[in-house]
Amino acid sequence: MTDTALLEVKNLSVNFGTGDDAVRAVKNVSFDIKRGETLAVVGESGSGKSVTALSILQLLPYPMANHPNGSIRFQGRELVGAPPRDLLDVRGNRISMIFQEPMTSLNPLHTIERQVNEVLILHKGLTRSAARKRTLELLEQVGIPEAATRLDAFPHQLSGGQRQRVMIAMALANEPDLLIADEPTTALDVTIQAQILKLLKTLQAKYGMALLFITHDLGIVAKMADRVCVMTKGLIVEQGPVAQVFDKPQHSYTQHLLSAEPKGRPAPVDPAAPEILALDDVKVHFPIKRGVLRRTVGYIKAVDGVSLTLREGHTIGLVGESGSGKTTLGLALLRLEGSKGGIQFDKQDLQALSQRELRPLRRQMQIVFQDPFSSLSPRMSVGEIVGEGLQVHRIGSEAERSRMIDQVLNEVGLDPAARERYPHEFSGGQRQRIAIARALVLKPRLIVLDEPTSALDMSVQAQIVDLLRDLQTRHKLAYLFISHDLKVVRALADEVLVLRHGKVVERGSAQQIFERPQTPYTQALIAAAFNLEAIGADKGAVAT
Amino acid sequence: MTPLNRRRLAAFRSSKRGMYSLAVFSVLFFLSLFAELLANDKPILIYYDGGFYSPMMRDYPETTFGGDFPTTTIYTDQEVQKLIEAKGWILWPPIPYSYNTVLKGEDRKALQPPSWRHPLGTDDQARDVLARLIYGFRISVLFGLALTLLSSIVGIVAGAIQGYFGGLTDLSIQRFMEIWSSMPTLYLLIILASFIQPGFWVLLGIMLLFSWMALVGLVRAEFLRGRNFDYVRAARALGMMDARIMFRHILPNAMTASLTYLPFILAGSVTTLTSLDFLGFGLPVGSPSLGELLLQGKNNLNAPWLAFTGFIIIALMLSLLVFIGEAVRDAFNPRKVLV
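These numbers come from a predicted model, not from an experiment.

### Comments concerning the overall build of chain A
Phase 1: What chain A contains, in helices and strands, is 19 helices and 21 strands.
Phase 2: C-alpha atoms of chain A, sized along the principal axes, occupy 75 × 60 × 50 Å.

Laid out in structure tokens, this is it:
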């Protein structure tokens, strides 16, 4: 039995809608998975990888979605068009699935015990007490600390990593033959990602499961998979053993994907350049209010005493996991969030200025946000979005403004003809270019970049990093680069600050931080980011 | 037009009931706007002795037409009509009575049942009901439109300020609204009516004082949500003024939800004036109004055409508005699948 394929997908196509305007999401895809094997499906967003995974369990929105041709055979049983009764027997029993977003894939109204029990009672017919025993065992296996006390917890009482562990426990409850993991770590911090990957590996070995791993991250593929399928635009363009595909990629898309890692290092900078921004012990505390009179009983210290100096043309990388206060600090120094402590921009104390006095200074300090889909007003054309800053600061005449808009669009690599179009007509990377153009058109001296690459596909990330670096040298811009993605930070930053719980854990030149990290936290962060290793992290240094 | 709006228009068009209602309502409203040409006791045009006269535009003394008195001509007078027709002709509106024309001669009979001469009969002061209906419909719809427009503007501004600034501003306006909305509107109107004669504008003002709160909650919620959008933050980082951010960046988002509500608010506003008139606290005595027609129907149960006319026209008007509202709501619903 071990030689025959566990799952065999042949010539599978998925269309959404019918007739001529049907969207062909997946086109004639074939692959198979053997028992105990890990197959990774890798591709960028919109490549059809998730749709392929969902069609295995027939979880697509039928009949809007349909399969014009192809077959999916699991242990010799045809799943395409199988009667619902047969599918129910397979789902959650022989094949289980883990989803990307641990925040929404658990029911917020049920305790975790109830949610894991449900699977056991449904498929195995266990009694409530037997199910409880098995649930406890499973939670211990997936590494939930003090599992017995956690049985009655609700999902909101767990962290993101713990929630994903519960999802894995549910998926494993019936010892499935195949586990489909759809980007199971994308929403998690790097150190937790490393732990979850390690956990999946151990459990796979223990139960002898086959694993279908959907991801966009080539690092994870190299770490986890035996074989890999590369998907783009609904087609599998290349498949084979991981080593072979990575060493000798045949298809141009695979080569493009492999070379797309953000590369390069920042250009050397003048250490005596004039200071542009100085933070002195900046604090942002949010009061916690309780009781009828809303008395302040304590503070959430989002940013707790951060000092830094940024010089013209330099980049400071602000690194930390979610909740470390890095975005809050970025907003605080632009006075978009109230704060205490000294903020000096170009030798002027920003804290002493009123919003009105601050307005003329705003053109010199700009911000680019993480999500290019929410940072552009959907009802304004690109020309209006980029030109609005010029209008507000009354720069130039109508004709001059128009010329400046064209010029800046050219500079960020967009066709000036794009001015008349609306943001929804552009891809994520192009939208991020528009957001950069909006900041750049005012000729600022400082730009706060708040995770500008993390919502983008890998190959687009590399392009944006190149663009940012290029713009910096040309305009002597100072960047405050906020990111949790250490690879991107390494490609851009001269100096790095590691932030945790609002405090600076470690600071130093980029070289020093990446090559000789001093504190255990930074070491764990770097190991997790570059080698996907969880070191000393299960307890202590990094809380899951 | 953006693709989104095109899609919405297509969705609205695909709703047959909404389209027909809009068409019927528009025709009725458009016709009622020209009520003076449809029902009037002055002729549209007179040809007399080689010259044209338009009595609706200006007054002519009776002597113009060879009469005896230097006062404004009363065209309903048989003698005057004879004088003019001797040397020309008269073009009358289809209904030769205005809302306040008291019938004359042998026709002067209150509560006449419907006849060819008076298709909807006459009321208890011997006035033509059809003529009064046309004027009454117009004033009801105009009042409703004006009240809807003004209370939406006030409501959107108040909601925008609350949602955008939040904190203490939000809190104080909210508490103020709670107190304000518990004021008894009707008693206030009764008291006011005892020392001023409420006309169209006074009533509009008083009703506005209490009706602006309908949209506040909705707009406030949209602004609370919108002020944390990244593109709003980006606008603040660009150094934009608050007012500009509110109106250019957040308001368009709030408009969708508000627009959906408008037809229903309009239906509510139209009934407001009707109910005030019915109770006798509305427009001055003698004004044409649907509420007054209903009141007459109630007081003259032996003349059922009054009550029926009032009931049917109000039911028709409100149904049309609700159907239009439903079609608009569906058109703005992103989850609605086009068929």
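### Quick look at the nonpolar core
What tends to happen in soluble globular proteins is that the nonpolar side chains get buried as a cluster.
Phase 1: One finds A:Ala169, A:Leu178, A:Leu212 and A:Phe481 to be the most contacted residues of the largest nonpolar core, which totals 173 residues.
Phase 2: B:Ala35, B:Tyr97, B:Ala303 and B:Ile314 belong to the second-largest nonpolar core, a separate cluster that totals 41 residues.

### Examining the confidence of the model for chain A
Detailed conclusions should not be drawn from predicted coordinates in areas where pLDDT is low.
Phase 1: Looking at chain A as a whole, its pLDDT mean stands at 85, while 98% of the residues score no less than 70.
Phase 2: Long-range and interchain partners of residues 537–544 of chain A, a stretch whose pLDDT sits below 50, account for 16 contacts in this model, where long-range means more than four residues apart.

### What to know about the confidence of the model for chain B
Phase 1: Of the residues in chain B, 97% reach a pLDDT of 70 or more, and the chain-wide mean stands at 85.
Phase 2: Scoring the predicted complex yields pTM 0.74 and, for the interface, ipTM 0.70.

### Some points on the UniProt feature "domain: ABC transporter" (unreviewed entry) in chain A
Residues and elements named next belong to chain A.
Phase 1: As recorded in UniProt, the sites labelled "domain: ABC transporter" (unreviewed entry) are residues 7–258 and 288–526.
Phase 2: Across residues 7–258, the secondary structure splits into 38% helix and 25% strand, with the terminal C-alpha atoms separated by 28 Å.
Phase 3: Split by type, residues 288–526 is 38% helix and 26% strand. Its first and last C-alpha atoms lie 33 Å apart.

### Quick look at the UniProt feature "domain: ABC transmembrane type-1" (unreviewed entry) in chain B
Phase 1: According to UniProt, the feature "domain: ABC transmembrane type-1" (unreviewed entry) maps to residues 137–324 of chain B in the numbering used here.
Phase 2: Taken end to end, residues 137–324 of chain B has its terminal C-alpha atoms 18 Å apart, with 82% of it in helix and 0% in strand.

### What about the domain arrangement of chain B?
Phase 1: For chain B, the domain assignment lists domain 1 (3–35 + 131–332) and domain 2 (42–92).
Phase 2: Look at where the C-alpha atoms of domain 1 of chain B and domain 2 of chain B centre, and you get two points 43 Å apart.

### Some thoughts on the sheet that holds strand β19 (residues 478–483) of chain A
Residues and elements named next belong to chain A.
Phase 1: Strand order across the open sheet formed by six strands is β17-β18-β19-β14-β20-β21, with mixed pairing between neighbours. Lying at the two open borders of the sheet, with one neighbouring strand each, are β17 (365–368) and β21 (503–509). Geometrically, the sheet is characterised by an average inter-axis angle of 15 degrees between neighbouring strands, direction not taken into account.
Phase 2: In this structure, strand β20 (residues 495–500) lies alongside β21, joined through six bridges in antiparallel fashion.

### Description of the sheet that holds strand β15 (residues 340–345) of chain A
Residues and elements named next belong to chain A.
Phase 1: A sheet is described by the order of its strands in space; here four strands give the open sequence β13-β12-β15-β16, paired in antiparallel fashion. In the strand order of this sheet, the two ends are held by β13 (295–311) and β16 (348–349), each with one partner.
Phase 2: Where strand β12 (residues 275–290) and β15 come together, five bridges link them in antiparallel fashion. Following the sheet pairing, Asp280 is matched in β15 by Gly342.
Phase 3: Packed onto the sheet, helix α11 (residues 326–333) meets β12, β13 and β15 and runs at close to 115 degrees relative to β12.

### Considering the domain arrangement of chain A
Residue and element names in this part refer to chain A.
Phase 1: Split by domain assignment, chain A resolves into domain 1 (5–258), domain 2 (274–356 + 446–453 + 474–538) and domain 3 (365–443).
Phase 2: The straight-line distance from the C-alpha centre of domain 2 to that of domain 3 is 27 Å.
Phase 3: Across the contact, ten residues belong to domain 2 and eight residues belong to domain 3.
Phase 4: Of the residues forming the side of domain 2 that touches domain 3, the biggest block, five residues, is contributed by strand β18 (residues 446–450).

### Things to note about the environment of A:Ala243
Residues and elements named next belong to chain A.
Phase 1: Of note, Ala243 is situated in helix α9 (residues 242–247).
Phase 2: Taking the number of C-beta atoms within 10 Å as the measure of exposure, Ala243 has 12 and is therefore exposed.
Phase 3: A C-alpha to C-alpha distance of 9.7 Å links Ala243 and Ala225, two positions 18 residues apart in sequence.

### Examining the interface of chain A and chain B
Accessible area lost during the coming together of the parts is what is often quoted as the interface size.
Phase 1: Taken together, the contacts link 20 residues of chain A with 13 residues of chain B.
Phase 2: Contributions of two or more residues to the side of chain A that touches chain B are made by α12 (355–362), β17 and α13 (382–392) of chain A.
Phase 3: Among the elements that line the side of chain A that touches chain B, the one with the most residues is α13(A), at three residues.
Phase 4: Classifying every residue of the side of chain A that touches chain B by side-chain character gives seven nonpolar, six polar and seven charged.

### With respect to the packing of helix α3 (residues 112–124) of chain A against helix α4 (residues 128–141) of chain A
Residues and elements named next belong to chain A.
Phase 1: Put simply, α3 and α4 touch, their axes get as near as 9 Å, and they point 115 degrees apart. Viewed along their axes, α3 and α4 form a crossing whose handedness is right-handed. Listed contacts from α4 to Glu113, Val116, Asn117, Leu120 and Ile121 of α3 are Ala131, Arg132, Arg134, Thr135 and Leu138.
Phase 2: A class-by-class count of the residues in the contact of α3 with α4 yields five nonpolar, two polar and three charged.

### A short note on the pairing of strand β5 (residues 71–74) of chain A
Looking down a regular strand, the side chains alternate between one sheet face and the other.
All names here are of chain A.
Phase 1: The side-chain alternation of β5 yields one buried face, formed by Ile72 and Phe74, and one unburied face, formed by Ser71 and Arg73.
Phase 2: Here strand β1 (residues 5–16) runs beside β5; their pairing, made up of four bridges, is antiparallel. Bridged to Val9 within β5 is Ile72.
Phase 3: Bridge count for β5 against strand β6 (residues 77–78) is two bridges, and the pairing is antiparallel.

### Considerations on the environment of A:Glu321
All names here are of chain A.
Phase 1: Mapped onto the elements, Glu321 comes out in the loop between β14 (315–319) and α11.
Phase 2: Accessibility expressed as a C-beta count within 10 Å gives 21 for Glu321, which makes it buried.
Phase 3: Separated by 182 residues in the primary sequence, Glu321 and Lys503 place their C-alpha atoms 12 Å from one another.
Phase 4: Those residues in contact with Glu321, other than ones at most four positions away along the chain, are Asp189, Thr191 and His484.

### Regarding unusual backbone geometry
Residues and elements named next belong to chain A.
Phase 1: With a phi close to 45 degrees, Asn28 is a non-glycine residue in the positive phi region.
Phase 2: Tracing the chain through its elements places Asn28 in strand β2 (residues 23–34).
Phase 3: At Gln75, a position not held by glycine, the phi torsion is positive, near 50 degrees.
Phase 4: Mapped onto the secondary structure, Gln75 falls in the loop between β5 and β6.
Phase 5: Note on Gln75: 16 C-beta atoms within 10 Å, which makes it partly exposed.

Rules used throughout
Residues numbered from 1 in each chain as written. Chains lettered and ligands numbered in written order. Predicted model: local features only at pLDDT ≥ 70, side-chain atom pairs only at ≥ 80, totals over all residues. Helix = DSSP H or I, 4+ residues; strand = E, 2+ residues; numbered from the N terminus. Core = buried A, V, L, I, M, F, W, Y, C linked by C-beta atoms within 7 Å. Buried ≥ 20, exposed ≤ 12 C-beta atoms within 10 Å, placed from the backbone. pLDDT = per-residue confidence, 0-100. Contact = placed C-beta atoms within 7 Å. UniProt positions renumbered as here; feature names shortened; annotations may be inferred. Domains from an automatic or database assignment. Pairing = 2+ DSSP bridges. Axes fitted to C-alpha atoms, helices over the stretch in contact; angles between N-to-C directions. Nonpolar A, V, L, I, M, F, W, Y, C, P; charged D, E, K, R; others polar. Left-handed = near helix turned anticlockwise from the far one by under 90°.

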